[in-house]
Each structure stands twice: as C-alpha cells, then as structure tokens.
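# Topology and contacts: notes
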Number of protein chains: 6
Amino acid sequence: MTREVNITRMDAFTYRESIKSGDSVMLVPVGSVEQHGAHMPLGVDTMLSTKIAELTAARIDALVGPAVSVGYKSQQRSGGGNHIVGSFGFDADTVVGVCRTLVRELSRHGVKKVVFVNGHYENYQFIYEGVDLALRDLAGSSQGASQVMMLSYWDFVTPQVIARLYPDGFPGWDVEHGGVMETSLMLEYFPELVWMDRLIDHAAAELPLYDLLPADASLTPESGCLSSGKVSTAQKGQILAESIMAGMVDAISSRF
Amino acid sequence: MTREVNITRMDAFTYRESIKSGDSVMLVPVGSVEQHGAHMPLGVDTMLSTKIAELTAARIDALVGPAVSVGYKSQQRSGGGNHIVGSFGFDADTVVGVCRTLVRELSRHGVKKVVFVNGHYENYQFIYEGVDLALRDLAGSSQGASQVMMLSYWDFVTPQVIARLYPDGFPGWDVEHGGVMETSLMLEYFPELVWMDRLIDHAAAELPLYDLLPADASLTPESGCLSSGKVSTAQKGQILAESIMAGMVDAISSRF
Amino acid sequence: MTREVNITRMDAFTYRESIKSGDSVMLVPVGSVEQHGAHMPLGVDTMLSTKIAELTAARIDALVGPAVSVGYKSQQRSGGGNHIVGSFGFDADTVVGVCRTLVRELSRHGVKKVVFVNGHYENYQFIYEGVDLALRDLAGSSQGASQVMMLSYWDFVTPQVIARLYPDGFPGWDVEHGGVMETSLMLEYFPELVWMDRLIDHAAAELPLYDLLPADASLTPESGCLSSGKVSTAQKGQILAESIMAGMVDAISSRF
Amino acid sequence: MTREVNITRMDAFTYRESIKSGDSVMLVPVGSVEQHGAHMPLGVDTMLSTKIAELTAARIDALVGPAVSVGYKSQQRSGGGNHIVGSFGFDADTVVGVCRTLVRELSRHGVKKVVFVNGHYENYQFIYEGVDLALRDLAGSSQGASQVMMLSYWDFVTPQVIARLYPDGFPGWDVEHGGVMETSLMLEYFPELVWMDRLIDHAAAELPLYDLLPADASLTPESGCLSSGKVSTAQKGQILAESIMAGMVDAISSRF
Amino acid sequence: MTREVNITRMDAFTYRESIKSGDSVMLVPVGSVEQHGAHMPLGVDTMLSTKIAELTAARIDALVGPAVSVGYKSQQRSGGGNHIVGSFGFDADTVVGVCRTLVRELSRHGVKKVVFVNGHYENYQFIYEGVDLALRDLAGSSQGASQVMMLSYWDFVTPQVIARLYPDGFPGWDVEHGGVMETSLMLEYFPELVWMDRLIDHAAAELPLYDLLPADASLTPESGCLSSGKVSTAQKGQILAESIMAGMVDAISSRF
Amino acid sequence: MTREVNITRMDAFTYRESIKSGDSVMLVPVGSVEQHGAHMPLGVDTMLSTKIAELTAARIDALVGPAVSVGYKSQQRSGGGNHIVGSFGFDADTVVGVCRTLVRELSRHGVKKVVFVNGHYENYQFIYEGVDLALRDLAGSSQGASQVMMLSYWDFVTPQVIARLYPDGFPGWDVEHGGVMETSLMLEYFPELVWMDRLIDHAAAELPLYDLLPADASLTPESGCLSSGKVSTAQKGQILAESIMAGMVDAISSRF
C-alpha cells in the first residue's frame, strides 16, 4: 500500500510525525473552478495540479498540502474569458490571501520548504504576491526562514516531448486551455471525467496580442477551449506527466 | 447510475443546461483544514459538509458548488485552538472574500438561490459577512436578486435524535469537535479515513466561559478533540445524517 | 467618593500613574447602536457593557477603556436583523479594525492584560479576529507579550439564576434581544431610559435554524425584540448583574 | 423638559417617527481618545463635539447620531503626537470605515442630510474620504441622493470673538490642543471633568514647519498641551460656544 | 555640468554608489494630476514639487526619489473639487500605499533619511499615514531605523516674502490653487507650460467654512482656480522659490 | 509644431475640448522604477512606455494619460529580482489601485476608450485586475460603458523584425530586461540617458523554470540585466519602434 502524501487525508498526529525533521518539503497545488469545454469538468485545474503534486511528492518523500481551488479570473487569451458561465473568477486579493496564509501557517507548523504547483495559467502572479507578502510577514518572526518555490507544471515538459507530441507545431501553453495536454493528462488520471464523444473539434483560437475588457465573446471558440483536445490519449498523458514529474523532481531535489 | 450533482465534476455545457431554468438551488459546502485528533484526517469538515450537501442536493434536484476549504482559525472552545500544529487558520478577510465571490459569480451564472452548508463551527459569522457584502455588490446590478440561506448542518439534528444518541447528556455542538457526531458521520461516509484504533478516549473538555489569546494550550486535551468519539458507529452516523438531511430538505424546500 | 475607573473621564497623567505597575487589567466594553424595541434606546448594548465593565473593574482594581460602539450588523436570529430602521450595522472590517487598534495601542501604553466585555451578540467573532490580528502585529515587537480575554457578559449568568429568573424555561441568549435580561439590567442601571409603558408584549419569536439574506422581515416581531421584556424588574437586573459580575471577577482574577 | 435629540438615547419607534418626513438633518460628532494634559480627560474631543452637536441640533430641530470616538492618530503639531501614553491613534482605514458606514446606514434609514461635526483636528481628511466613498457606494442605489456637510467646529468662531478672547494674539487652531478654547468649553459644559489646579502653565509650543516620524518627543511640552489653558473660564466657553453654534446653525440652515 | 540628483535618471550602479555612506537624504516629491485653470497644465503639482525637490537636493548633496503623481481627490476649498473634469482623484488607500512602499523600499536600499516634499494640499494626511504605517512595518526589521520628514513646500515661504508679494493681503495657501504662487513658480521653471494669455482673472473664491459632498459646483470659479494668477511673474517665482528652498535646506540640515 | 498629446502637459480647458466628442482614445503608459544595469537609468520602463504611447497617440489622434510609474516587484526571471538595490517594488494592491482609479476617473471625464501600454513585464496581471475591478465599479453607473485594451508593447514586434534583429536566436521577452530591445529603444529616444561605455557584456542569463523566494541572488548577472545590450543601436531602436507602433496603431484602430 502506498504511503499517504496528502495531508488533508492524514490525521494530525501522523502529520506532525511526518514533518518533525524540520526538513520536509510541502507541495501545494493551485487550481481553479473553470469551464474546460464540453468534454472535461470544471475542476480540471485543481484535479491535475493535485494529482501531479501527489505523484511528485511520492517520488521524493514530500507531502502535499491543501489544494488552492480559488483560481484567478479566467482570461480570454489563456482560459477563454471570465464572462463564460461555468468559470468562477476570484479577485486577486482572495487568491493572494489564501497563498499568503498557507505559507504562514506551514511556517508555524515547522514546514519551511514549500512548492506551489500551479495548474491554472492566470494564477501565477497572484501566487507570487501571496508568497512575497507571507515572507514579509515572517521576516520579523523567530520561526526561522522559509523558502518557497513557485512553478507552473507545464513549464517542465521538455522540448523533446513537445516536439514529439505536437508534430504539427506547438501553439504555446497559454492556448493549451482544454487542449491536448490537459485532455491527455485527464485521460491518464481521471478517465471517468473525460467525455471524448462530447469534445468539440476546432482549429486553435487566434487571439489578438492584447486583452480587451469587457471581452469580445466572439473571439473564444464556442467550445470554450482555445485549442482542440481531439488527438489526446492517455498515453500522451503519461508521457507528459513523466516529463513534468522528472523535471519537478529534479528542480525540487536540487534546491531543497 | 446517479445523476452528478457536484458541478466541479460536471462539464460546463451540462452545468449550463442544469441551471437554465433560472430556478436552480446551489448548495455550497464550507469546511476547513483542521486537526481532528489522532483518529480522523485534517479534511473532516470539508469532507462532511460536501458529502451532506451532495446527498441533500440529490434529494431535491439541487446542485453542489465548489467547496470552500479555507476555514477560519480554529478556536479553543470549538476546535481546540489554532495554536495546534495541523490546523490551518485563514483570516476573516479571506473566508469572507471566498464566500462573497461565490455568491457574485453564481449570480452572474444565473443561479439566484444559494445555500451555504457550514461544517466548521468557527466559519459562520464570516460566511454571513461574505454573503451580506455580495448582496450589497449585487444591489445595483441588473442580474435580478439573489437569495442566500446559511446554515450549520448540525443544527438540523432533532432533539429526538440528540436524546437517543447522547443518552448521558448532550455536551453542545461546540465541543463536538472530533466527537461522536463527526466520528460517526465519517464512519458512515469515509470509513477508510477513520482509525478507531488510534482514537484517544477522554472526558469532554471543560472549557472556560471566555476565550484567551494566546490560548492556554493546557485547556485542550492532548487528543486535540473536545469530546471523545469512542462510542461512534456508522449506524449513528446514518441516523444523524438522516435527521440532518430531512431537516435541510425541509428548510430548503419551504424557502426556495 | 468612588475612584474613577473609566479612562475616558481620566486625565492622561492619572492614567499613566494608574498603569505604571505594568500589571493593570483593562476592560474594554463592546456594544452597538441597534434598535431594542419601543421601550429601550438604541444605545442599550454599549450602555450595559460599559456599566458592567465599570462595576466589575471597581471590584478588582482594574480600568475601563474606550467603549467600542460600532457593532456588527444585527442578525435576525439574535437582533432582529439589520434591515430594521434604527440598527446601524458596521462591516466586519471596521469592527475588527477598532478592536485590533485598541489591543495594539494599549500594548504601546504598557497595558498587557485586556478583557473585551461584549454586549452585542453578533460581535464576538469579529472581536476575536481583531485580537488575533493585533497579537500577530505585536509578535515581533519588543513591547512584551499581551494577553487578551474575550467574553460575552451574559455567559456568566449562572444556571441557578437562569432557573430562578426564567421559571417557564429559558429561551437562549440569542433571543434575549430586548427581553427580560436586557430590560431588567436597564431598569437597574438606566431606569430613565426604559419606558415600560411602551413595551410591546408578545411570545418569543420562533426563528428558523438558518439565516436568510435578504432577511424575511415577517419573521421578526413588530417590536423588533425577539422575546418580551414584560416581566422585567430592576430587582431581576440586580440579581443578573450580581451573577455576571461575580463570574467575571472570578474569571479575570484567576487568569490575570 | 427638553426634547431628546441624541438617537442613542431614543427608542427605535421614536427615531423612526422623528425621521419620517424624509427631510431630517443628522449631526454626527467625531472625536477621539487623546491625552489633553493634566487638567482634562482623554475624552475631551468626543465630549465637546457631542455636546456642541446636541445643542446645535436642539436649535434647528435636527438629530444627533452615534458619536465617532475612534480618532485618527494624534499628530505632534496639532495634538502633541501619538507617541504619548494616553492617546489612542486609529488607522486611517478605521476612521474612514466608521464614517463611511454611518452615511450609508443613515441613507438606508431615510436620512439624507448629514453633518459631520469634527472635534479632533487630525480627523478631517479621513471623514472626507469616508463620506466620499459612501457616496460612491450609494451612487447606484435607488435610495435617493445623500448630501453631507463636513466641518470642524472651531472654524465657526468668528474673528470678532477671536480678537476678544485672544487679546495677545491668536496662535492658530492647530496649537489650541488643550488650550484656552477646549478648556473653556469644558469648563462650561463639563466642569466636573476639568481640574484647573492641575493645569500646567507654559508658553505655546513652537513647532517646526514640518512633521517628523518618529516624533521628536522633546518638541511637545511635558503637559502634552500645545498652549496653556490657564486663562480659561466657563464664560469664555459660553462666548465661544455661542459663536460656534450661531455659525453652524446658519450654515446648516442655509444649505439644508 | 550639474550632478544628477534624480535617481530615476540615474543608473543603479551610480545610485548604489551615491547612497553607500548610509547617511544619504532622499527627497520624495508628491504631486497630483489636477486641473489648474486655463493657463497651466494638469501636471503642475508634480512638476513643481519635483523641481523644488531637485533644486533643494542639489544644494545639500541629497537625492530625489520617484515622484508620487497619484494625488488625493481635489477638494473644493483647496483645489476646486474633484467633480471637475481634468482632476484625477485617487483614493486615500492608494496614496497611502505608494508613500508606504517608498519608505519601505528606501529603507531596504539603505536610505534611512527621507523627506516628503508635498505639492498638492490635499495629500498631506495621507502621506502622513503612509509614513506611519511604513515605520510600523519596519519596526521589527533588522534594517535600522528610518527617520522621515514631511512638509508642504509653501509652508516655508517666510512672512516677509508673503508681505512683499501679497501687498493687498494674503488669502491663505488653501485658495492659492492656480493663483500667484503656483503661476509664478511655473513661470520661473516651466514657462513653456504657462499660457498667461488664457488666464482667467477673477476675485479670490469665497468658500464656506465647511465642505459639502456632492460639491456645489457653483462655488468654484469657472476658471477652476481659487484665486487669480494675473499678477504672477517669473521674478516672483524666483523670490518664492528662494524663500522655500532656504527654509527647506535649513530644516533638513538641522534635522538630518 | 506638434500637437500636445500628453494631458499632464495640457491645460484642463484644452483637455475638455479634446475629449468632448465622447469618442477619444486615451493611452495610459505603465512603467516602473527598476534597475536596468549600469548603462541605463532606473526610469527606463516608464520613459519607454510613455514615449511609445505618445508617438502612437500622435498617429491616431489619441491622447496620453498620466503614466503609472509604480511598477510591481521586479521578478528574477524577468527583471533580475526585487532584492536588488535600485528596484522599487510596489505591492499588487497599489498597482491595482492606481489602474482602477484611472479607468474610473477617465470614465467620469467622459473617456470610454482606454489603452494600457505596459512597459514593465511584471505589471500585466495587476493592470488586468485593476481594469476588471474598475469595470465592476462602473457596472451600475449611468456613465455609459468603458472599453479597455491592455497590452505590453513588445508583443507587437513582428516575427520578421525579431528574425532580423536577433539573427542568433531570440531569447524571449522576459530576459530582454536591459537587453537589446530596451537599450536600442533608449538609444533612439533618450540617448543622453544611455551610457554604452558602462554596459556590462555577458551571456544571457540562464534562469530556472521556477521562481524562488527569497531569490537566489547568484542567478542574476552582476549587471542586473538578463541579457546583454551590447549590440544595441539607435537604428535597431527605430526598427523596433516602427514595428511596435504599426502594430499598436492597427490594433487600436480596428478595435476603437
């Protein structure tokens, strides 16, 4: 039986035992509640960041903390736009506040090495701000210094894997919303929550070099996805995940 | 097969279909990440509020929205205190912000009947503030009025059930933290996450009529629970759940 | 002549003299501006919490600080609801901010033992948050640690007194809004501000197990009170006050 | 017997009756808790602004709302400085929040004509911001427009009165902290809270043309006052009050 | 060639060299974007405070930091009012936040002596709050204490200069908005941005002793200025500037 | 002589005349105060975004509003990191607040078409949040809808120009901090503020796929730049600017 890595399913005594070395690494998944087309559920970003965090943690004797499921507003060029019914866009303030507290509370617990594993493109800067403010909060404390790593998991897919999985050219991670990467990873880890028969196929969205608010709804494909997940397979998901996790293991191990 | 009620596992097209009547009721679970002794996991409050919301929703053709897992700081007289390692205490501001956004985003989606199902004692006033501010935000909008119900699920256990399950006297819901009700409900719904062999048995905590900050750690039993879950059974969990859900179905149906 | 205990009526030199031991206890009353029916003024909660704080302070050589008169929004199940004209509901943020500053400023003055004496049911969690944040603010300071006690004064009425004064059964402190306890205490301490001839008699309100926003105005009796103060007397007020103050003296003395 | 003008001493039914014309004027006193030397209590600013508001209201059939007693930080050039023990300095945010809510709540009650009567020099800009934000809040509402007047009461003392009461030259209202005007007004209205025998006599403070933080404590006289109240009398208080109230009556009547 | 004093035109290596003594003084100009009649540009306050800061810094081997151009809302009695098109009024929160960060970042850089040079009447209290909060932020830090001076430049014009330049009586700095002082200083330093042929001549505005919100637009002269700049000359600008700078040099030198 | 486009150098009467059509486009530059190596000043981002906005505005009869010079914290992978002395990092809250107010105030003035021209990589998400909140503020207003475009100017450099100017491969805009693009644009527009003889030449920084806080200072080259500006020329600046402005003119014209 596998060791439990997710602390929300662990009792407090076991948790305290797990971190008592003072050297534990905690991975914190950050997702969203956002439409992902007709073929995947609203929870994709939280599910994938959590799963990737758990599998990575299992490889390096790390833990996984409470997932942040309040994602920043979906933006048209990376998530279709927050005008779409089905996306829940939280204010910067709230996303920042949740991440800030997590760093502060983990520090109080004695966990000084934290990795935010982002799975929702729009979140990144707000995670960064939350961490920065938490470290400012902690600056005067007697708890000892925290070190925090922040990453978006797709950045760890290697150029080799990209070349292999996107033979017709890679559109960029921003328009991957609901596309081959996310769909393949879902097929690998949550196949019961992917409905390939409902997938709407279309060319990748061609979005302008700017944002417009209020959004011009006509720029987002009706599917709500920015590229098509049609050629997704669980096998591609496995290849992507392996590439991602290898990179993350490497990054975390070398830093912490 | 049962209809899916939790929108985070539903695709956006199905979600939009589900709410198109303009009359849908959305239950929003509110939990925490908080120590619950040696025999239950940190996620108890989020798990139970979500499960109860889902089962209730299934009975009345309602939906369940994204769970709020950022709970307010554990307080000594109802959760053992936030000084304990394993509890994650979020600031009022953050809890308020998450609830406020949910009401506002649901309104934008066209969902005007919302029920917050609280599973963490300390949260209640902050949910209330979030809802009040959201309704103020929406007051000038053209989206039509929202109506929001707020409740803590244990308030629906009937006096009859209390008399039956606590034959030696009922200590009050505040000290039920990690006690018979929560443990029994977990045994009923998440038996794989209850470790009765690790349960620490002790008399109910006798807490003063006031709070003290910093907390006096000696007042919380070493288990972190405020009463003992020793006599918990899945059957009691079933009786409790039935009482709760019957009451909630009644309340929601009569109001919405 | 009695020693002045309320520092707002004391000059700064005397104040500094009074706290120079470094061991002083400061009681801070917290009230509201809220309708209390046709027979009592809007200021009841501030008046009673201040008076009780002053009388208690006089017994234990403590001081009374500036009363917090900005109370949180009246809620239907404990104050009739904030939709009623005559109640002034302050946002959580403001109540928290006032309490936070008081702890911080008292600490700067050298007063490290503070007791918040709450007289408005809805305030409690916001006082708590203000205190928690103030202690976080002060954590890195060189001023020495503060200890803060928080209480709602009615929690100190003993079961014996309840049994004696409510022979027909006690409805709970939440529905005591404008009822026998508050009216009796007002008759004892501020008889010129009670107009018994205007009191509207009615059965205790039967309120649901949940809150609803916007409130359903029909649930609050037209008096604005949740139970009737009809059988109130100054003598009952004296008995209640004695019970409360004895309990508070005991609690404060044993802790500080 | 005089009509009650202060709504905190009025019951809600009478209050509602008083404002039902929709044309009522509400005066809101704004004070502080701040050291005022050895001869006057910490509450001077709140007491005087409240008394002046009440007497003015009585002349023009207006009402007086809940006093704001959370004053902004004492500044060295107008209040001695907030480093002094005895002054309670609230953050801008809190002062703004209290004033903002008052305008908003009064509007909800149907009171659309509000006058803030400031009695603490440092407050003015923060009252202004609170009012401005409240009017922004209300801009989209259907409640009808509010009009708010803001003033500091001493600005209504006429040049004639100044010439008469300060024959040796007028030092300016900023250094009047604890000086002739405040002391005389206190002697007139609250003689039992003035201790002339404890008054510390000294020349008016000569303060620089700038502020310095942290304050240079040596610039504030040991009395904590910026000028001496030695020649104060109740009669001067009466003359000052008459001048102030005549001016305020005039201003309010001509505008509202 | 003159030494560069404004760090925004300096490279980072030179900047670090300039402050390495640990004893540098940094002047921070604070202005606004606000209408200044038909004869001067919106940027007057930022331009003048920056120029005065630069010339002063040049005399005392000090530096000039990034100008704060987000000014608080124009108020009718000192700037004509923020209802006028052309004025940009920032919330208190924003002005406070910018000033707070500047003190904190300068402290991190090693600059511990900061002078805010205000050029927009309405800003003063918000600069003060920003500085106070920054010093609170820094209180627990290990960076060493900062000292901050705050001033409005016109306060340094001597009575002699006022008597000389305003032979018909001085109306007060508040109504100097767009008047002789500002126009003369602009003529001296930015003559290409003054259009005397467009200047609208009129008597000084007679404003009431109170503020009113919403403002009564009829109280502000159509020019948007509160007094006339008609008799302005560059020579007067030179005299004013000399008086101001001499006073500031004196103040800064004697304190830092 | 060229028409003035920057409203901070324009008088209010001319400004009102310029926008009276109700159809004006306002470009708002957003920069920072941030180290840019030994060869360029701290103000680069504000200078370039303002210059590009002004030149673009001149081509399309648009205006340029007040530059936002409070930039978000420099991040290591795009600006070297905010630990470097010379960079001023503002909190998210402040950057958001400034942008939010600008949209709101421009709307009040009657300017409903706004383009934020970003010149500091880290700002983008915070500009977006500011705009989103401003549009929420304005949603209930009667002022008519605003439309806001947001862009980072470098995104408009065409692939053709990139291929021509970066013959050895393009490192990405993130590491362009202090590199060929910024240096060439500065040489074209502000040659007196570029000191090529001080430029420190080095290979492009190789930064990890994640951020780390506190930053690992050893990852940023000692120059503070992320790539070398050595081969920069004013001619390259001209080519870049032309490409950028052509793209921006096209985008703005087609949308507004």
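For the structure itself, look to the data block above.
Please read all numbers here as calculations on a predicted model, not as lab measurements. Residue numbers restart at each chain and count upward from 1, following the sequence in its written direction. Labels follow written order: the first chain is A, the first ligand is 1, and so on. It should be noted that, the model being predicted, local features are given only for residues of pLDDT at least 70 and side-chain atom pairs only at 80 or more, the latter also being counted only at that level, while totals for whole chains, interfaces and linings use all residues. Excluded from the side-chain calculation are hydrogens and water; included are all heavy atoms of the structure.

## With respect to the interface of chain A and chain B
With 50 residues of chain A at the contact, the number on the chain B side is 50 residues. Buried surface at the junction of chain A and chain B, both sides included, amounts to about 3600 Å², of which 63% is carbon and sulfur. When a carboxyl oxygen of Asp or Glu lies within 4 Å of a side-chain nitrogen of Lys or Arg, that pair is called a salt bridge. Where chain A meets chain B, there are four salt bridges. Here Asp11(B) and Arg198(A) are joined by a salt bridge, their closest N and O atoms 3.0 Å apart. In protein, a polar contact requires one atom able to donate a hydrogen and another able to accept it; more generally it is a pair of N or O atoms within 3.5 Å, and residues adjacent in sequence count only if both atoms are side-chain atoms. Run the count over chain A and chain B and you get 28 residue pairs in polar contact (both at pLDDT 80 or more). A helix here means a DSSP run of H or I that spans at least four residues, while a strand means a run of E at least two residues long, and both kinds are numbered starting from the N terminus. When contributions to the side of chain A that touches chain B are tallied by element, the ones reaching two or more residues are helix H1 (12-19) and helix H4 (92-109) of chain A. Looking at the side of chain A that touches chain B, the element that brings in the most residues is H4(A), giving ten residues. Here, two residues are considered to be in contact whenever any of their heavy atoms come within 4.5 Å of each other. Here the buried area means the combined drop in accessible surface, using a 1.4 Å probe, for two parts upon being joined, counting both sides.

## A few points about the pairing of strand S4 (residues 147-152) of chain D
Only protein chains enter the area calculation, which uses a 1.4 Å probe; residues under 20% of their type maximum are buried, those over 50% are exposed, and those in between are partly exposed. Burial analysis of S4(D) places five of its six residues in the buried class, which makes it a mostly covered element. Pairs of strands are assigned from DSSP output, requiring at least two bridges between the strands. Looking at chain direction, strand S3 (residues 113-118) of chain D and S4(D) are connected through six bridges and run parallel. Opposite Phe116(D), over in S4(D), you have Met150(D) as the bridge partner. When the strands point away from the viewer and the connection leading from the first strand across the helix to the second strand turns clockwise, the crossover is called right-handed. At this point the chain moves from S3(D), through helix H5 (residues 124-139) of chain D, to the parallel S4(D), and the crossover so formed is right-handed. One ladder, built from three bridges, connects S4(D) with strand S5 (residues 211-213) of chain E; its direction is antiparallel. The partner of Met150(D) across the bridge, within S5(E), is Asp211(E).

## As for the relation of the copies chain A and chain B
We superpose the copies by least squares over the C-alpha atoms of residues that have a pLDDT of at least 70 in both of them. When chain A is fitted to chain B, the residual RMSD is 0.0 Å, and the transformation amounts to a turn of 180° plus an axial shift of 0.0 Å. Such a combination of turn and shift is consistent with a two-fold rotation axis. Taking the C-alpha atom as reference, chain A places Thr94(A) closest to the rotation axis, 2.9 Å from it. Mapped onto chain B, 100% of the interface residues of chain A are again interface residues, and the two copies thus contact each other with one and the same surface.

## Focus: the sheet that holds strand S1 (residues 25-30) of chain A
Pairing is mixed across the open sheet formed by five strands, whose spatial order is S2(A)-S1(A)-S3(A)-S4(A)-S5(F). On the outer flanks of this sheet lie strand S2 (63-64) of chain A together with strand S5 (211-213) of chain F, each paired with one strand and no other. The angle between two axes is taken between their N-to-C directions and runs from 0 to 180 degrees, where each axis is a line fitted to C-alpha atoms and a helix contributes only its stretch in contact. Along the sheet face, helix H2 (residues 44-59) of chain A touches S1, S2 and strand S3 (113-118) of chain A and points at about 165° away from the line of S1(A).

## With respect to the sheet that holds strand S3 (residues 113-118) of chain B
With mixed pairing, five strands are arranged side by side in an open sheet as S2(B)-S1(B)-S3(B)-S4(B)-S5(C). Strands at the two margins of the open sheet, each flanked by one partner only, are strand S2 (63-64) of chain B together with strand S5 (211-213) of chain C. Sheet topology note: the strand S1 (residues 25-30) of chain B/S3(B) ladder contains six bridges and is parallel. Paired with Val28(B) across the two strands is Phe116(B), which belongs to S3(B).

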